[in-house]
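Below, each chain spelled out in residue letters.
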Amino acid sequence: MDCVSVGVAETPVLATSSIAAYRSSSLFAGHKKHLSSARRNIPRSVGSSLGEKETPVTVKKRPMTADGTSLERRKTRRFPVVVPIEVSWRGTEGIAVKEDAVARQVNANGGFLKMSNYPVLGSRVTLANFLSAQTAEARVLAAPDSRQGVANGIIVELIVPNEGFWGVDLQVNKAIVELQNLEKALQCEDIDLHLVREYRNAVDYIRTTTETVQRLRERHFRGSDDGELLSVLATDRIRRAINLCLEVVADLDAGRVRQESKSVDEFQEALQHLQQRLRQRGKVQTNVRLT
């Protein structure tokens, strides 16, 4: 069977408007206190104390290809995330500077931080993850005024590679991409298309659940009601239940289900219970319309 190429779907990304609301919430005060205590255990960077000149940092220019375009040096793929970060560094004359940022494209070695004000190229910075209260040391590899294509933020490299610093967003997005790659590999093998379709449905379910969890977290930051989002999730669950029932019917028609199986009896009881609840719901709606 010829291998069919399937494009990898974009992983959903949250809007960054939730960060400002989060900073004004009661959760922020607790995380801020946690971060302050965590920073006391971090040694200062060389030349970071007041009155002391910073050690010059040399940053190599980005290598170019034969046609003059930038050569990609990234060791591993970056994944989209939305993680609120506080960036702190020593500015001119040793003055301490702190700026809010949002990590958008990251991997274990570093990533892109979206921020309004940023340190100069080569600066040593301390990153603090607002969600986990973890901190990490990094250096600035690129800024809007130092590299073409970098805007509204900076590219940093962690001094010590740490995939866990960015939190669960990175782990989930990596897992989804791996599942999508596995689906493409399965399509290149001599595997029943029915099983490939079932695998795709499972991946879609994971993707939908992940998106729902991310949106619920965003609503939690904003302090808004999550009832509407849970209703959308319930509607999607009904859609999947319909498809599952159709699959069970197909299995029964094909003789793939043993009638003496205990799971068949349990499934039938669940369907009867569901029918009863649906009838009760119909009666309630009828009474509401009559009143």
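The numbers attached to residues start from 1 for each chain and follow its sequence in the written order. Residues qualify for local features only when their pLDDT is at least 70, as the model is predicted, and side-chain atom pairs are given and counted only at 80 or more; totals for whole chains, interfaces and linings, by contrast, use all residues. Heavy atoms from the whole structure form the basis of all side-chain values; hydrogens and water molecules are not counted.

Looking at the pattern of salt bridges
Basic side-chain nitrogens of Lys or Arg form a salt bridge, by our definition, when they fall within 4 Å of a carboxyl oxygen of Asp or Glu. If you walk through the whole model with that rule in mind, you get 6 salt bridges. For E163, the salt bridge identified is with K174, shortest N-O distance 2.7 Å. With E163 in the loop between β6 (153-158) and α3 (168-187) and K174 in helix α3, this residue pair connects regions lying 11 residues apart in the sequence. The classification of residues rests on relative accessible area computed with a 1.4 Å probe and restricted to protein chains. Under 20% of the type maximum is buried, over 50% is exposed, and intermediate values are partly exposed. Since its relative accessible area comes to 26%, K174 is described here as partly exposed. The salt bridge involving D236 is made with R239; its shortest N-O contact spans 2.7 Å. Counting from the N terminus, the helices are the DSSP runs of H or I reaching at least four residues and the strands are the DSSP runs of E reaching at least two.

Notes on the nonpolar core
By size, the foremost hydrophobic cluster in this structure holds 24 residues, and its most contacted members are I85, V87, A103, L113, L127 and W166. At the level of secondary structure, the elements contributing two or more residues to this core comprise β1 (79-90), β2 (96-107), β4 (124-129), β5 (135-142), β6 and α3. Setting aside residues no more than four positions away along its own chain, A103 makes contact with V81, V82, V83, I85, F112, L113 and W166. By nonpolar core is meant a set of buried Ala, Val, Leu, Ile, Met, Phe, Trp, Tyr and Cys residues that side-chain atoms within 4.5 Å join together. In this description, contact between two residues means that some pair of their heavy atoms is separated by no more than 4.5 Å.

Points about α3
The first and last C-alpha atoms of α3 sit 29 Å apart over 20 residues, in line with the 28 Å expected at 1.5 Å per residue. Three or more residues of α3 are buried, namely D169, L170, N173, I176, V177, Q180, E183 and Q187. Looking straight down α3, one finds that the buried residues subtend no more than 150° of arc, so they occupy a single side. Looking at α3, the residues exposed on the side facing more than 90 degrees away from the buried face are V168 and E178. Helix span, expected: 1.5 Å multiplied by one less than the number of residues in the helix. Throughout, the arc means the angular range of directions from the helix axis out to the C-beta atoms.

Brief notes about the pairing of β5
Of the strand pairs in this sheet, β4 and β5 are connected by 5 bridges, and their pairing is antiparallel. Across the sheet, residue T126 finds its bridge partner in β5, namely E137. If DSSP finds at least two bridges between two strands, the strands pair. Counted along the chain from β4 to the antiparallel partner β5, the turn is 5 residues long, and its residue A133 has a positive phi close to 70°. Pairing analysis gives 4 bridges linking β5 to β6, with the strands arranged antiparallel. When the sheet's bridge partners are listed, R139 is paired in β6 with E157.

Side note on the sheet that holds β1
Pairing within the closed barrel is antiparallel, and its 6 strands lie in the order β1-β2-β3-β6-β5-β4. Here the average twist between neighbouring strands, direction ignored, is 45°. All axes are obtained by fitting lines to C-alpha atoms, using only the stretch in contact for helices, and the reported angles, taken between N-to-C directions, cover 0 to 180 degrees. Each of β1 and β2 touches α3; the most contacted strand, β1, lies at about 150° to it.

Distances and angles like these do not, on their own, reveal function.
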